[in-house]
Amino acid sequence: MTSRTSTEELWERQKQTTVENHHCGEQRVVNMSAKFEVSERIKSLPPYLFAAVDSKKREAIGKGMDVIDLGVGDPVEPTPTHIIDQLCKSAYDRTNHRYPSYSGMMAFKEAVARWYRKRAGIDLDPKTQVITLIGAKEGIAHIPFALVNPGDKVLVPSPAYPVYRNSTILAGADPVIMPLLKDNGFLPDLGAIDSNTARKAKMMFLNYPNNPTGAVATLDFFHQVVEFARGYNIVVCHDAAYLELGLDGYCAPSFLEASGALEIAVEFYSLSKTYNMTGWRIGAAAGNADIIAALGAVKTNIDSGAFQAVQWAGVQALEGPQGCVEQQKRIYEQRRGLLLEALRSMGLQADPSQATCYLWCPVPHGFTSTQFAAELIERIGVVVTPGVGFGQYGEGFIRLSLTVETDRLKEAARRMKTIRF
Ligand SMILES: *Cc1c(COP(=O)(O)O)cnc(C)c1O
């Protein structure tokens, strides 16, 4: 790049060369300028699999079609007012204007620890067993840098949030896929992991309640994971982004509740989905103090912590009135019902999710997930996420998100009922 390139030009080039994948928050380089070569690290990331759906969507919009996007996992309802009020108040407090503590503001970490005590009956030391994150994704992306060496193996579920696999690759380690199959309730089969692989594995990523399948795990399963991980010296990184989105009264266990978990695990907690705070970038990791310290050592060299006013808003979210969460869950339950009915009318069989804001639905015979997603855009202007975008074992499924306005979702359901497979 020449030094004469203006900031505007650079920004324009960036816009041209990258595309935001709204389906799962991946940002991918699609057309890098030939003036320089990107790193092997970037080149080794798996191919972008949503291009076909993205272009079908653009095409439909271009034709003037009213497109309803059920592909995006980003709550449409606003953040509750009491949380916004706290941000405003804290933003005026000049003690929040300077660099925050790298490992997080004590008041926020204490609130997280109190939350774990109340919600899961676990005692955590906020000083050593909790760290503030700039969203759970930030911690998930950085943890391999804290724990693996090039060539190490990391157990990664498929289908899954793509960041587990990609952060493993960026850190130079090799992802080993654990298939999540419907027959096994979308849980990994620990017995199917060969002992040679398990011995070489340093880390395992897990996520329950699960995105994209909506599956949940029992505390008993977490006990089995702890046993397995202790046997092979594997660190378990549990992504609990949907812990508080249990539907029909279901209350998901925290991984840290499993006995022995604190010796080998960290859990990534996010306020994003629970309190409609995806834009705020606030979360936490909690668990084993040595793992938290290692993650902190990476972060100290990369970011300078989360804005303290946002952390105060996080305290308000965790400790303020929780009626907003109940209200949001009722909304998702209602929308889930509308979509399940529409899917059935189309001739598709989706199981109701017990948690999360997603439905995971098998595609009709004769279609790949990408073909079926394209078919839905073309025929009725409804965008869904092809399962293969979450990994090879997501093939054969689509993910439908409940995070659009109920009126729009009703319209999507109405259109879905006009076609049959
Ligand atoms: C949305 C999501 C996240 C991201 O959480 P942030 O706190 O917003 O970074 C992490 N994991 C899964 C599985 C998600 O769906």
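Right, let's walk through the structure included here. (Residues numbered from 1 in each chain as written. Predicted model: local features only at pLDDT ≥ 70, side-chain atom pairs only at ≥ 80, totals over all residues. Heavy atoms only, no water.)

### Some thoughts on the environment of Glu378
Here is the rule we go by: Under the scheme used here, helices are H or I runs from DSSP no shorter than 4 residues and strands are E runs no shorter than 2 residues, and both carry numbers assigned from the N terminus. Note on definitions: a residue-residue contact is assigned when non-hydrogen atoms from the two residues lie within 4.5 Å. We call two N or O atoms a polar contact when they sit within 3.5 Å, provided that within protein one can donate a hydrogen and the other can accept it, with sequence-adjacent residues counted only if both atoms are side-chain atoms.
Structurally, Glu378 can be placed in helix 14 (residues 369-380). Linking Glu378 and Ala60, residues 318 residues apart in sequence, is a C-alpha distance of 6.8 Å. Setting aside residues up to four positions removed in sequence, Glu378 forms contacts with Lys56 and Met65. Side chain to side chain, Glu378 and Lys56 meet in a polar contact 3.2 Å long.

### Describing the packing of aromatic side chains
Any two aromatic rings considered together are summarised by their centre-to-centre distance and by the angle between their planes. Filter applied, for reference: Pairs were defined over the aromatic rings of Phe, Tyr and Trp, the Trp ring being its six-membered one, requiring ring centres within 6.5 Å. Orientation was assigned from the angle between planes: stacked under 30 degrees, edge-to-face over 60, tilted for the rest.
Tallying each qualifying case throughout the model produces 16 aromatic pairs. Between the aromatic rings of Phe228 and Tyr232, the centroid separation amounts to 5.1 Å while the plane-to-plane angle is 55°, which identifies the pairing as tilted. On the criterion of helical spacing, the pair formed by Phe228 and Tyr232 is a turn pair, its members being four residues apart in helix 9 (residues 219-232).

### A word on the pairing of strand 8 (residues 235-239)
On any regular strand, side chains alternate: one points to one face of the sheet, the next to the other face. Short version of the rule: Here the term buried applies to any residue with accessible area under 20% of the maximum for its type, exposed to any over 50%, and partly exposed to those in between, with areas from a 1.4 Å probe on protein chains only. We treat two strands as partners when DSSP finds at least two bridges between them. Orient the strands so they point away from the viewer, and a crossover whose first-strand-to-second-strand path over the helix runs clockwise is right-handed.
Most of strand 8 is tucked away, with five of its five residues classed as buried. Pairing geometry for strand 7 (residues 201-207) and strand 8, over five bridges, is parallel. Across the sheet, residue Phe205 finds its bridge partner in strand 8, namely Cys237. With respect to chirality, the unit in which strand 7 leads through helix 9 into the neighbouring parallel strand 8 is right-handed. Bridging between strand 8 and strand 9 (residues 265-270) involves four bridges; their strand directions are parallel.

### Regarding the sheet that holds strand 13 (residues 385-386)
Put simply, the test is: Axes here refer to lines fitted to C-alpha atoms; in helices the fit is confined to the stretch in contact. Angles between the N-to-C directions go from 0 to 180 degrees.
In spatial order, the strands read 11-14-13; together these three strands make up an open sheet with antiparallel pairing. What marks the edges here is a single partner per strand, and that holds for strand 11 (358-362) and strand 13. Pairing of strand 11 with strand 14 (residues 397-401), which is carried by five bridges, proceeds in the antiparallel orientation. Bridge pairing in strand 14 links Pro362 to Phe397. Across the face of the sheet, helix 14 comes into contact with strand 13 and strand 14 while running at roughly 45° to strand 14.

### Considering the site of the ligand
The line we're drawing: If a single non-hydrogen atom of a residue is within 4 Å of a molecule or strand, that residue counts as near it. Computed with the Shrake-Rupley method and a 1.4 Å probe, the accessible areas treat only the protein chains shown as cover for residues.
The full set close to the ligand counts 14 residues, and Asp239, Tyr242, Ser272, Lys273 and Arg281 are the nearest of them. Protein contact buries 94% of the 390 Å² of open area that the ligand shows by itself.

### Examining unusual backbone geometry
With omega at 5°, the peptide bond leading from Ser158 into Pro159 counts as cis. Phi is positive for Phe186, which is not a glycine, with a value near 60°. Position of Phe186 among the secondary structure elements: in the loop between strand 6 (174-179) and helix 8 (195-200). Judged by relative accessible area, Phe186 falls into the buried class, the value being 10%.

### Some words on the packing of helix 6 (residues 136-147) against helix 7 (residues 163-170)
To keep it simple, the criterion reads: For a crossing to be left-handed, the near helix must be turned anticlockwise from the far one by less than a right angle; the clockwise case is right-handed. When residues are grouped by polarity, Ala, Val, Leu, Ile, Met, Phe, Trp, Tyr, Cys and Pro land in nonpolar, Asp, Glu, Lys and Arg in charged, and all others, Gly among them, in polar.
Relative to each other, helix 6 and helix 7 sit at 35°, their axes nearing to 8 Å. The interaxial crossing formed by helix 6 with helix 7 has right-handed handedness. Two secondary-structure elements touch here, helix 6 through Lys137, Ile140, Ala141, Pro144 and Phe145 and helix 7 through Val163, Tyr164, Ser167, Thr168 and Leu170. Classifying every residue of the contact of helix 6 with helix 7 gives seven nonpolar, two polar and one charged.

### Comments concerning the packing of helix 3 (residues 51-62) against helix 14
Filter applied, for reference: Angular relationships are summarised with four words: roughly parallel below 35 degrees, roughly antiparallel beyond 145, roughly perpendicular across 65 to 115, and oblique for the angles in between.
One way to put it is that helix 3 packs onto helix 14 with a least axis distance of 9 Å and a crossing angle of 5°. Of the possible angle classes, the one that applies to helix 3 and helix 14 is roughly parallel. On helix 14, the residues that touch Ala52, Val53, Lys56, Lys57 and Ala60 of helix 3 are Thr370, Ala373, Ala374, Ile377 and Glu378. Tallied by class, residues from the contact of helix 3 with helix 14 come to six nonpolar, one polar and three charged.

### Digging into the pattern of salt bridges
Once the charged atoms of two side chains with opposite charge are near each other, the side chains can pair. Inclusion rule: A side-chain nitrogen of Lys or Arg and a carboxyl oxygen of Asp or Glu constitute a salt bridge if their distance falls within 4 Å.
By the definition in use, this model includes 23 salt bridges. Residue Arg119 is joined to Glu244 by a salt bridge in which the shortest nitrogen-to-oxygen separation is 2.7 Å. Placement of the pair is Arg119 in helix 5 (residues 106-120) and Glu244 in the loop between strand 8 and helix 10 (261-264), with a sequence separation of 125 residues. Assessed through its relative accessible area of 17%, Glu244 is described here as buried. One salt bridge in this structure joins Lys299 and Asp303, with 2.9 Å as the shortest N-O distance.

Just geometry here; none of it tells us what the structure is for.
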